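# Architecture at a glance
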Amino acid sequence: MSSLAKTYNPREVEDKWYAYWLEKKFFASKPNPNKEPYTIVIPPPNVTGVLHMGHMLNNTIQDILVRKARMEGKEACWVPGTDHASIATEAKVVQMLKEKGIEKKDITREEFLKYAWEWKEKYGGIILEQLKKLGASCDWDRTRFTMEDALSEQVIKVFVDLYRKGHIYRGARMINWDPQGKTALSDDEVIYKETKSKLYYVKYKVKQENLSGLQHLTGLEEEYLTIATQRPETIMGDTAVCVNPNDERYKHLKGKKIIVPLVNREVPIIFDEYVDMTFGTGALKVTPAHDINDYNLGLKHNLEVIDTLNDDGTLSEAAQVFVGTERFKARKLVAKALEEQGLIVKVEEYTTNIGYSERTDAVVEPKISTQWFVKMTDLTKPALENVMNDNIKLHPSKFKNMYRSWMENVRDWCISRQLWWGHRIPAWYLPDGTLVVAHNAEEALELAKQSTNNSELTINDLVQDEDVLDTWFSSGLWPIAVFDGLLNPDNEDIKYYYPTNDLVTAPEILFFWVARMILFGYEYRQEKPYSNVYLTGIVRDKQGRKMSKSLGNSPDPIELIEKYGADGVRTGMLFSSPAGNDLLFDEKLCEQGRNFTNKIWNAFRLVQGWQVVETDEEDTGNTTAVKWFEARMNDALIHLEEHYANYRISDALMTVYKLVWDDFCSWYLEMIKPEYQGEGKPSLIDKNTYGATISFFENLLKILHPFMPFITEELWHALKERGENECIIVAEYPQPKKQYVAFEKIISEGEIAFDIVRQIREMRNSKGMSPKEEVILYIKTHSKAIYNRFKPIIRKLANLSAISFTSQNMPKSFNFVVKGDEFFIPLKINVAEERARIEKELEYNEGFLESVNKKLGNEKFVQNAKPEIIENERKKKADAEAKIKALKKALEGLR
RNA sequence: GGGUUCAUAGCUCAGCUGGUUCAGAGCACCUGCCUUACAAGCAGGGGGUCCAAGGUUCGAAUCCUUGUGGACCCA
């Protein structure tokens, strides 16, 4: 017997093969005009990142696609790389400096960047190393980084180009300010969460006109207007109070002024239908500097803008009171001060949606600020069209609608970030404040000299914009930039690999990233960046919670790989992850994956213990077994191709899983398994069967390879001596043959045979008989021919001492019916029990026949249904009738 | 509030343009087995009013309407 371990040990093989593939340069790709290119660019993970379960899923899928394409003889190229992730990385570096006792504000930009690069060099490659453990077959020689010189140059070029084409502008706008990260956020980086808050009802004093006597006449002492606000700390920035012109309660206030509490500012009462009369008191305080809607109202009514907050979220000088106090503390202090002045009418509990920074989780502050924007309306047109017409296909397609609604309602994209780590905006300011956009300082100086007619200007007169670009701006260029397609638009790589084929990413960044790549693709290559976008789901825990560090519910992928093997984890991830659906991850899935590798391993152990003998013995059923499996495998290959074509990777895996486990191991190998020859002696098998089996095994390994690269490479070499470049990673992928009649015939014969085997096994089970106890099977049929081929197989699998045909019913025997034929096994039986069993089956079949007859008896059905459907009903009827007849006869035999 | 999307077995999901014995798969569960490849295994089995109510149709898990409940996007 073999010396191989009973269980597969992935640790012994994974690193070995990965190193071998690298050594043989199997992942490397060069443009090859004789081959069709197949390209994927990796969604660049953050340099700060370590591998998480989302990456595992995402990159496993990419690797599957790439490996299959490579085996299909395509020039497969998977470009890896990382993303500089401005906010996240800067936060990490600031944190690191803090631990060293260095504050960011105490060092220069250059010093800071030096630390940042050091940090990047040290930690930035971790995630890529982890991907290697997973088996990712990236062309590592092509690894790129969004902030490396070559890529930065491309980013700057695009910025300047867009600016000069008029697509980029600078403007004062209400932006989302993250006071913790001290940066502006795009709308997409704000997460709205339902938050418990309070609604304060505050009295504002209406200013009385100085008309003498009037006051006395009307008897009015002092009039107050009550407003409701969630943010009392912004009161000091109020520059109006607004009511609805249709609101009867306030009509008399037209033209009056009101006094803002605490700061005693006199502001107008304005009228606008924007105000919801039913909310709060129907009176709205207007703070243009701190609310987007108020800002718009302010624009419309020409209100003063008073910004009462500093960048760090503390109150500014303009607030006059509580200057320097943090905003939430200020809220309490203001409320208290108002209370003391008797101006608080009441306070209500209130639930509202509040925006949080995706990066720092700080409450986002609406703020007026000068930022850089990309004008989106002109650029989005081709990006929308080509997704809607399926030129770029989204998988699953349900995301098309979401994509459209976003693209149709797109707002200008705020691309500046108040950070140091990133691509610094190539804009320079002259002493007089004029702006020059250029590729570098030298060019800027030249332009400045020209525009000012001042040749005396020096580089020291120019001050570069402090801001950097949104990270998505550079990652939007990724599919072009990794091939240097912006600086050398006609280079060989970009011409060969672009457009790429597939992109695998998460739906949550469909807009952040995917849309922007598409938009840039059309702007700079007049071509889509890829043909298919496969959207994976979010990996969640068993309870459906998103995996997160704070919850601590995410397993460490590397530990999982150590525990179950990369192949086991890869398949585990895919067992339950249809495209676009969230994956509820359970470690059990990896266990199932590991068990599968073990199953394959043991199938190999079985086969490798065999020895070929020359034999003249007549066919033992092996010929049938081989033909049957050949047909089954072909069938599976056809389905497999369909699944791949539709990006149903999970279904593709399941097809292979069942083919290997059920058809190959449970049926085929059991059919051909030779007799045990005794301790230490190899089992003997005929040459044809052995050869066919090895070839089946090879094909199975090939179709398994994209899912389980390591074990398949190991067994590929264990199965046969191979040359040093004859690896499964580059072996030819099996193609299905055109399905022909012989295949269908043997599969249906096999189905009957298996039915018989199952019936006999069930009989043994229900009667508590040992599988070792041999029995005799009698078949009563009109068409003996259909059993000819499978007779020896049925005998072997059901452990029968003999199979005979009979023309008579056999009384006192166990009997069953398959497809209208009767089967008898002489046994001591309980007649009543058997009758009951058969009567139950008869009842079901009669009911079924009745429903079929009803259908066929319905004139409208016969008139309207398609011919093949009617034909099918007739066949069902005939089958049911034959079965009923046989069951009735069986009952007669049991009298 | 507007939009998109989903609801099928205990769990995760298939089920394509209505029609195969259509009610499925995997896992889980139950029963019996350490049967010389595999107990990380083998053999067998039981699970569902296809969210609800209407409608279209000869025929509905599938199409339409309404409702309920969830998810996501946008405000």
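Treat the numbers as computed from the prediction; the structure is a model and nothing was measured.

### Digging into the pattern of salt bridges
- Evaluation of the coordinates by the stated rule reveals 60 salt bridges.
- Across the pair Lys 35 and Glu 75 runs a salt bridge whose closest N-O atoms are separated by 3.7 Å. Residue Lys 35 is located in the loop between α1 (11-23) and β1 (37-41), and its partner Glu 75 is located in strand β2 (residues 75-79); the two are separated by 40 residues in the primary sequence.
- Given the relative accessible area of 33%, Lys 35 is considered partly exposed.
- For Glu 75, a relative accessible area of 10% puts it in the buried group.

### Side note on the packing of aromatic side chains
- Summed over all chains, the structure comprises 43 aromatic pairs.
- Ring centres of Phe 664 and Phe 697 lie 5.5 Å apart, and the angle between their planes is 80°; this geometry places the pair in the edge-to-face category. On the criterion of sequence distance, the pair formed by Phe 664 in helix α21 (residues 649-672) and Phe 697 in helix α22 (residues 687-704) is long-range, its members being 33 residues apart.
- By relative accessible area, Phe 664 is classed as buried at 1%.

### What to know about the protein's contact with RNA strand B
- In the region of RNA strand B, 45 residues are neighbours, and Ser 576, Arg 594, Asn 602, Arg 648 and Lys 876 sit closest.
- Taken together, the sugar and phosphate atoms account for 59% of what RNA strand B places within 4 Å of the protein.
- Between RNA strand B and Trp 661 there is a distance of 2.8 Å, counted from a phosphate oxygen to a side-chain nitrogen or oxygen.
- Between RNA strand B and the protein, one listed contact pairs a sugar or linking oxygen with a side-chain N or O atom of Arg 761 at 3.3 Å.
- When residues in the surface near RNA strand B are grouped by element, the largest group, nine residues, is from helix α19 (residues 587-608).
- For the surface near RNA strand B, the residue count by class is 14 nonpolar, 15 polar and 16 charged.

### Here's the deal with a nonpolar patch on the surface
- Side chains of Val 50, Tyr 123 and Ile 126 sit close together on the surface and give an oily, nonpolar patch of about 230 Å² of accessible area.
- Summarising the element assignment, Ile 126 is placed in helix α5 (residues 126-134).

### Considerations on the packing of helix α20 (residues 622-645) against helix α24 (residues 741-767)
- Running from N to C, α20 and α24 cross one another at 110°; their axes reach a closest spacing of 9 Å. In terms of axis orientation, α20 runs roughly perpendicular to α24. For the crossing formed where α20 meets α24, the hand is left-handed. Packed against α20, whose contacting residues are Thr 624, Lys 627, Trp 628, Glu 630, Ala 631, Arg 632, Asn 634 and Asp 635, the element α24 presents Phe 743, Ile 746, Ile 747, Gly 750 and Phe 754 at the interface.

### Quick look at the domain arrangement of chain A
- Assigned domains within chain A: domain 1 (41-158 + 477-536), domain 2 (163-180 + 367-384 + 395-469), domain 3 (193-358), domain 4 (557-739) and domain 5 (769-893).
- Taken over C-alpha atoms, the centre of domain 2 sits 77 Å from the centre of domain 5.

### Examining the environment of Ile 270
- Relative to the helices and strands, Ile 270 is located in strand β11 (residues 265-271).
- On the accessibility criterion, Ile 270 (9% relative accessible area) is buried.
- Sequence separation between Ile 270 and Lys 257 is 13 residues; the distance between their C-alpha atoms is 9.0 Å.
- Those residues within four positions of Ile 270 in sequence are excluded, and the remaining contacts are Ala 240, Val 241, Cys 242, Val 243, Val 286, His 301 and Leu 303.

### Notes on the side chain of Asn 58
- Structurally, Asn 58 is set in helix α2 (residues 53-71).
- Those residues in contact with Asn 58 that sit more than four places away from it in its chain are Pro 43, Val 504, Thr 505 and Thr 536.

### Re helix α11 (residues 399-408)
- When we look at burial in α11, the residues that qualify are Phe 399, Lys 400, Tyr 403, Trp 406 and Met 407. End-on view of α11: buried residues confined to an arc of 130°, all on one side of the axis.
- As for α11, its buried residues are in contact with α10 (380-388), β15 (393-395), α16 (510-525) and β23 (530-535).

### Quick look at unusual backbone geometry
- A cis amide bond, omega -5°, links His 395 with the succeeding residue Pro 396.
- Looking at where Pro 396 falls in the secondary structure, it is placed in the loop between β15 and α11.
- The residue Ala 85 is not glycine, and still its phi comes out positive at about 45°.
- Within the secondary structure, Ala 85 is located in the loop between β3 (81-82) and α3 (86-99).
- When its relative accessible area of 5% is taken as the criterion, Ala 85 is described as buried.

### Digging into the state of the cysteines
- In total, this model carries zero disulfides according to the counting rule given.
- Cys 138 provides the cysteine sulfur closest to Cys 727, a residue in no disulfide bond, and the two sulfurs are 18 Å apart.

### Considering the sheet that holds β23
- On the basis of which strands lie adjacent, the open sheet formed by three strands has the order β15-β23-β22 and parallel pairing. Because the sheet does not close on itself, it has two edges, and the strands there are β15 and β22 (500-505). The sheet shows a mean angle of 20° between the axes of neighbouring strands, direction not considered.
- Alignment of β15 against β23, held across three bridges, turns out to be parallel. Bridging across to β23, His 395 finds its partner in Tyr 534.

### Let's talk about the UniProt feature "short sequence motif: 'HIGH' region" (unreviewed entry) in chain A
- As recorded in UniProt, the sites labelled "short sequence motif: 'HIGH' region" (unreviewed entry) are residues 45-55.
- Structurally, residues 45-55 comprises 27% helix and 0% strand, and the distance from its first C-alpha atom to its last is 8 Å.

### Quick word on the nonpolar core
- Ranked by size, the top nonpolar core spans 202 residues in total, and within it Tyr 403, Phe 473, Ile 600, Tyr 668, Phe 707, Ile 756 and Leu 777 carry the most contacts.
- Broken down by element, this core gets its largest block of residues, 14 residues, from α21.
- Among the nonpolar cores identified, the runner-up in size contains 30 residues, and Ile 235, Val 243, Ala 330 and Val 334 belong to it.

### Description of the confidence of the model for chain A
- Scored by pLDDT, chain A has a mean of 89; 96% of the residues are at 70 or more.
- Scored below 50 in pLDDT, residues 212-219 makes three contacts in the model with residues more than four places away or belonging to other chains.

### Topic: α19
- For α19, built from 22 residues, the straight-helix expectation of 32 Å at 1.5 Å per residue is met to within 8% by its first-to-last C-alpha distance of 32 Å.
- Burial in α19 covers these residues: Leu 589, Cys 590, Gly 593, Phe 596, Thr 597, Ile 600, Trp 601, Ala 603, Phe 604, Arg 605 and Val 607.

### Regarding the environment of Val 775
- One can find Val 775 in strand β28 (residues 775-780).
- Put simply, Val 775 and Arg 359 are 416 residues apart on the chain and 71 Å apart in space, counted from C-alpha to C-alpha.
- Leave out the neighbours within four places in its chain, and Val 775 touches Arg 764, Met 769, Asn 799, Leu 800, Ser 801, Ala 802 and Ile 825.

### A closer look at the sheet that holds strand β16 (residues 413-414)
- Read from one edge to the other, the open sheet built from four strands follows the order β6-β5-β14-β16, with strand pairing classed as antiparallel. Strands with a single pairing partner mark the edges of an open sheet, and in this sheet they are β6 (183-185) and β16.
- In this structure, strand β5 (residues 168-178) lies alongside β6, joined through three bridges in antiparallel fashion. Each residue of the ladder has a partner; that of Asp 178, found in β6, is Thr 183.

Rules of the game
- Residues numbered from 1 in each chain as written.
- Chains lettered and ligands numbered in written order.
- Predicted model: local features only at pLDDT ≥ 70, side-chain atom pairs only at ≥ 80, totals over all residues.
- Heavy atoms only, no water.
- Salt bridge = Lys/Arg side-chain N within 4 Å of Asp/Glu carboxyl O.
- Helix = DSSP H or I, 4+ residues; strand = E, 2+ residues; numbered from the N terminus.
- Buried < 20%, exposed > 50% of the residue type's maximum accessible area, 1.4 Å probe, protein only.
- Phe/Tyr/Trp six-rings, centres within 6.5 Å; stacked < 30°, edge-to-face > 60°.
- Near = heavy atom within 4 Å.
- Polar contact = N/O pair within 3.5 Å; in protein donor to acceptor, adjacent residues only side chain to side chain.
- Nonpolar A, V, L, I, M, F, W, Y, C, P; charged D, E, K, R; others polar.
- Patch = residues over 30% accessible without salt bridge, like charges linked within 9 Å, V, L, I, M, F, W, Y side chains within 5 Å.
- Areas by Shrake-Rupley, 256 points an atom, 1.4 Å probe, with all protein chains shown as cover.
- Axes fitted to C-alpha atoms, helices over the stretch in contact; angles between N-to-C directions.
- Parallel < 35°, antiparallel > 145°, perpendicular 65-115°, else oblique.
- Left-handed = near helix turned anticlockwise from the far one by under 90°.
- Contact = heavy atoms within 4.5 Å.
- Domains from an automatic or database assignment.
- Arc of directions from axis to C-beta.
- Disulfide = S-S within 2.5 Å.
- Pairing = 2+ DSSP bridges.
- UniProt positions renumbered as here; feature names shortened; annotations may be inferred.
- Core = buried A, V, L, I, M, F, W, Y, C linked by side-chain atoms within 4.5 Å.
- pLDDT = per-residue confidence, 0-100.
- Expected span 1.5 Å × (residues − 1).

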